[in-house]
Amino acid sequence: DSLTEQIENDKKYTEQVQKSLAEKKQEWKDRQVLRTGELAAISKTIEILHSDDARDLLKKSLASQGSPGFLFLQESSSTRTSSAVEVLKLAAKEGHDARLSVIASRAARAGKSHFEEVITAVEKMLKVLQQEENTDLEKKELCEANRASDTRDAIKASRVMDELSDD
């Protein structure tokens, strides 16, 4: 009868919600892994660009020019630049993130000037990633609250149907 059919439909719905939850949990874990990799790559890049060697080279260059201006990099600095670019490219490839690719290309072009533009872009991206992480977390919490509410509603409806079928 229709009551039995409704109970079966509720059970199917509950199973579907549980399957969807498992998929969303896996997607969340995957996103967290990618985000952690992106943040690590950005941090490593900032570390390379802000290293004592980079600061010493900047000071030497500015002192030799007598005034602030373009920074002409030496070979050790070139190695540091390519290292930062490689870290960004690898993170972009592994995370399938075009934003990191853009920053890597900026870093490669900045090879003959100082890295303020690249550092600023990296710091902006870091803020964006943190905002995205917060948004994802809020969305996850909302989805979990909705799922819990739907599950409670389904359980209540099932109990009502059980009580009605017992009468």
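What counts and what doesn't
- Residues numbered from 1 in each chain as written.
- Predicted model: local features only at pLDDT ≥ 70, side-chain atom pairs only at ≥ 80, totals over all residues.
- Heavy atoms only, no water.
- Salt bridge = Lys/Arg side-chain N within 4 Å of Asp/Glu carboxyl O.
- Helix = DSSP H or I, 4+ residues; strand = E, 2+ residues; numbered from the N terminus.
- Buried < 20%, exposed > 50% of the residue type's maximum accessible area, 1.4 Å probe, protein only.
- pLDDT = per-residue confidence, 0-100.
- Contact = heavy atoms within 4.5 Å.
- Core = buried A, V, L, I, M, F, W, Y, C linked by side-chain atoms within 4.5 Å.

## Some thoughts on the pattern of salt bridges
Pairs can form between side chains of opposite charge once their charged atoms are near each other.
Here comes step 1: Applying the stated rule across the entire model yields five salt bridges.
Here comes step 2: Put simply, Glu27 and Lys24 hold a salt bridge, and the shortest N to O gap is 3.8 Å. You can see Glu27 and its partner Lys24 sitting in helix H1 (residues 2–49), three residues apart, about one turn around the helix.
Here comes step 3: Given the relative accessible area of 38%, Glu27 is considered partly exposed.
Here comes step 4: For Asp136, the salt bridge is made with Arg31, and the minimal N-O distance between the two is 3.4 Å. Of this pair, Asp136 sits in helix H5 (residues 116–166) while Arg31 sits in helix H1; the two residues are 105 residues apart in sequence, bridging distant segments of the chain.
Here comes step 5: Using a relative accessible area of 18% as the deciding quantity, one classes Asp136 as buried.
Here comes step 6: We classify Arg31 as partly exposed; its relative accessible area is 37%.

## Regarding the confidence of the model for the protein chain
Here comes step 1: On average, residues of the protein chain score 77 in pLDDT, and 77% of them are at 70 or above.
Here comes step 2: Counting contacts from residues 67–76, a segment whose pLDDT is below 50, to residues more than four positions away or on other chains yields 24 contacts.

## Details of the nonpolar core
Here comes step 1: Ranked by internal contacts, the top residues of the largest apolar core, which has 17 residues, are Ile42, Leu88, Leu100, Ile103, Val122, Met125 and Leu129.
Here comes step 2: Contributions of two or more residues to this core are made by H1, helix H3 (75–95), helix H4 (98–109) and H5.
Here comes step 3: Sorting elements by how many residues they give to this core places H5 first, with five residues.
Here comes step 4: Aside from chain neighbours lying at most four places away, what touches Val122 is Ile42, Ile46 and Ile103.

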